[in-house]
Amino acid sequence: MKIQHLKNLKLLMGLSCLLVLTACQKDESSSAISTDPVSLDGRDNGAIALYTLNVDKFATGIENAFNGKVSGLGYTIFHNNQVYYKGTGGLGWLRRPIDAPQRAHSANQRQGLASTSKYATAILVAKILERNGKTLDEKIYKYLPSNWNPDVNFKNLSFRQLLAHKAGLLKYGNKYAHMKKTVEGGINNIQVAFGTRVYDNINYFLPHYLVAYMIGKLENPNVLSQLKNAEKDTNALKEILAYNFRAYMRAYVFKPSGLTYWERVDFQPWDNYGPIPFTQGCKYYETANLNEKGSDPNQKFYESGPGGLYISAIEYAQMINATANGKIISKNLYSTMKKELLGFDWALSGKYGPYYAKNGSARSEEMLIDFGGTQVIVVSNCPYSNLAESPSLITNAFDAATN
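Residue positions are counted from 1 within each chain, in the order its sequence is given. Since the coordinates come from a predicted model, pLDDT governs what is reported: local features require at least 70, and pairs of side-chain atoms require 80 or more to be given and counted, while whole-chain, interface and lining totals use all residues. The side-chain figures draw on all heavy atoms in the structure; neither hydrogens nor water molecules are used.

1. Quick look at the overall build of the protein chain
Move 1: Within the protein chain one finds twelve helices and 14 strands.
Move 2: Per-residue burial for the protein chain yields a buried fraction of 57% across its 403 residues. The helix count covers DSSP runs of H or I at least four residues long, the strand count covers runs of E at least two residues long, and both are numbered beginning at the N terminus. The cut-offs for exposure are 20% and 50% of the maximum accessible area for each residue type, with area from a 1.4 Å probe on protein chains only; residues under the lower value are buried, those over the upper are exposed, and the others partly exposed.

What follows is the structure, given as structure tokens:
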């Protein structure tokens, strides 16, 4: 990312200590795993259920559900904390032959995601709160730019409401001026009073503005000083907000997940060595026609939060598994987030349900599901797969493979 102002560069240099670079490389690969019974602890009644999973049958079920229905697909299953996928863990093309160099899709191929990015955003916010002794009921207005004047009713909103899409925010757009107006212009009091869930990206774009101030006020006074100094220059402030959001996503979410390249994860195309040209990344396809040329990913550096994370299925699944195992936030907090659908869309019924799911849909479609002892993510680079709208395609494959 080219820094437009020299003073912005100086501000960002003070945060570079967060990024620990590594030169090592490691190729992820599938591995056969046991079907030992595991406990399923995601049930609302707190009961413990045991199931055995035939992971090969589950993987086959996923592939059969989408074979011939996607331009390209990658997936990864974690069961008993071990990774599994059949073959390469994918179908079709990340880049079709017409978009040379051609590249088959797989578990290891990175692509831009849509709203499944919200899961990582929710975990990041929860991580910062928990590590600083705060709860989900912490008020969000405390962590806004000091030159914003939040509406009196806005001041009552909590992170719990925000992450659950129950904050009653009024949407004017997703630019800086729009967000400031959202904070200052009042809320939908009826929605808040009834606790109505109204899904909108605005709820997860706001954390993009909050994270840096959370760090500044709760952990690092130097960051807060840098933010306040930048508030008189909107461009400088936007730069440092975006930089901090990405830096802490890497350090607080992907590093403890054990990702080999945690310090590279981005909201634009990247490989093991860093950012790559947009034209060299994944392609998105609108039809099944192999002669259709694909479109390039967008850069979401300044719009990170609700979408735009660029990552592979195996890397994201590793993060989901780490979260489920208490490596990022406590298991108790994660259980609350599942039950209250913070970072999730559904609590799905099934043989061992509820299964907690988050989807994404734009030019890509995605579905992640935490079954309890098993986590899975499936991603495609097209909008016509029915992946985002039909979690049953995956839950049915899971139930058929369990006993």
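The structure having been displayed, the exposition proceeds.
2. A word on the environment of Ala400
Move 1: By the secondary structure assignment, Ala400 is in helix 12 (residues 392-400).
Move 2: Relative accessible area serves as the criterion here: at 46%, Ala400 is assigned to the partly exposed category.

3. What about the confidence of the model for the protein chain?
Move 1: Taken residue by residue, the protein chain gives an average pLDDT of 90. The fraction at 70 or more is 88%.
Move 2: Across the chain, each position has a pLDDT score giving the predictor's confidence in that residue, from 0 to 100. We call two residues in contact when some of their heavy atoms are within 4.5 Å. Scored below 50 in pLDDT, residues 1-34 shows 67 contacts in the model against residues more than four places distant or in partner chains.
Move 3: Confidence drops under pLDDT 50 across residues 41-49; counting only partners more than four residues distant or on other chains, this segment forms 20 contacts.

4. A closer look at the nonpolar core
Move 1: For this analysis, a nonpolar core means a set of buried residues of the types Ala, Val, Leu, Ile, Met, Phe, Trp, Tyr and Cys, connected via side-chain atoms within 4.5 Å. In this structure, Phe58, Phe66, Leu206, Phe254, Tyr316 and Ile394 are the most contacted members of the largest nonpolar core, which totals 118 residues.
Move 2: Not counting the four nearest positions on each side in its chain, Phe254 is found in contact with Met249, Leu259, Trp262, Val265, Leu309, Ile311, Tyr316 and Met319.

5. A word on the pairing of strand 12 (residues 355-361)
Move 1: Most of strand 12 is tucked away: six of the seven residues are buried.
Move 2: Bridge count between strand 11 (residues 346-348) and strand 12: three bridges; the pairing is antiparallel. If you follow Trp346 over to strand 12, its bridge partner there is Ala357.
Move 3: Bridge analysis of strand 12 against strand 13 (residues 365-370) gives six bridges, and the strand direction is antiparallel. When the sheet's bridge partners are listed, Lys358 is paired in strand 13 with Leu368.
Move 4: When DSSP finds two or more bridges between two strands, those strands count as paired. Count of turn residues in the strand 12/strand 13 antiparallel hairpin: three residues.

6. Some remarks on the side chain of His79
Move 1: Along the chain, His79 turns up in strand 3 (residues 72-79).
Move 2: With a relative accessible area of 0%, His79 lands in the buried category.

7. Describing the pattern of salt bridges
Move 1: We count a salt bridge whenever a side-chain nitrogen from Lys or Arg sits within 4 Å of a carboxyl oxygen from Asp or Glu. One pass over the structure, following the stated rule, counts 18 salt bridges.
Move 2: The salt bridge partner of Lys175 is Glu303, with a shortest N-O separation of 3.2 Å. Taken as a pair, Lys175 in the loop between helix 4 (159-163) and helix 5 (176-184) and Glu303 in the loop between strand 9 (274-275) and strand 10 (310-312) lie far apart in primary sequence, 128 residues in all.
Move 3: Judged by its relative accessible area of 46%, Lys175 is partly exposed.
Move 4: What emerges from the salt-bridge pattern is a single network uniting Asp137, Arg160 and Glu340.

8. Some remarks on the packing of helix 7 (residues 202-218) against helix 9 (residues 234-254)
Move 1: Relative orientation of the contacting elements helix 7 and helix 9 amounts to 75°, with a least axis distance of 8 Å. Relative to helix 9, the element helix 7 lies roughly perpendicular. Judged by residue contacts, Pro207, His208, Tyr209, Val211, Ala212, Tyr213 and Ile215 of helix 7 engage Leu237, Leu241, Ala242, Asn244, Phe245, Tyr248 and Tyr252 from helix 9.
Move 2: Three residue categories are used. Nonpolar comprises Ala, Val, Leu, Ile, Met, Phe, Trp, Tyr, Cys and Pro, charged comprises Asp, Glu, Lys and Arg, and polar comprises the others, including Gly. Looking at the contact of helix 7 with helix 9, its residues break down into twelve nonpolar, two polar and no charged. Axis angles are defined between N-to-C directions and span 0 to 180 degrees, where every axis is a line fitted to C-alpha atoms and, for a helix, only to the segment in contact. Throughout, the term roughly parallel applies to angles under 35 degrees, roughly antiparallel to angles over 145, roughly perpendicular to angles from 65 to 115, and oblique to all others.

9. Notes on helix 3 (residues 117-131)
Move 1: Between the first and last residue of a helix there are one fewer steps than residues, each counted as 1.5 Å, and that sum is the expected span. With 15 residues, helix 3 should cover 21 Å at 1.5 Å per step; its first-to-last C-alpha distance of 22 Å lies within 8% of that length.
Move 2: Backbone geometry just downstream of helix 3 places Gly133 in the positive-phi region, at approximately 70°.

10. Things to note about the environment of Asn81
Move 1: Here Asn81 shows up in the loop between strand 3 and strand 4 (82-84).
Move 2: When its relative accessible area of 46% is taken as the criterion, Asn81 is described as partly exposed.
Move 3: Spatially, the C-alpha atom of Asn81 lies 9.7 Å from that of Ala324, the residues being 243 residues apart in sequence.
Move 4: Among residues more than four places away in sequence, those in contact with Asn81 are Asn321 and Asn325.
Move 5: Pairs of N or O atoms are called polar contacts if they sit within 3.5 Å, as long as, within protein, a hydrogen donor faces a hydrogen acceptor (for residues adjacent in sequence, only side-chain-to-side-chain pairs). A distance of 3.2 Å separates polar atoms of two side chains, one belonging to Asn81 and the other to Asn321.

11. Observations regarding helix 10 (residues 313-324)
Move 1: With twelve residues, helix 10 should reach 16 Å at 1.5 Å per residue; the first-to-last C-alpha distance of 16 Å fits that figure.
Move 2: Among the twelve residues of helix 10, twelve are classified as buried, and the element is accordingly described as predominantly covered.
Move 3: Among all positions of helix 10, only Ala313, Ile314, Glu315, Tyr316, Ala317, Gln318, Met319, Ile320, Asn321, Ala322, Thr323 and Ala324 are buried.
Move 4: Positive phi appears at Gly326, one or two residues downstream of helix 10, with a value of about 75°.

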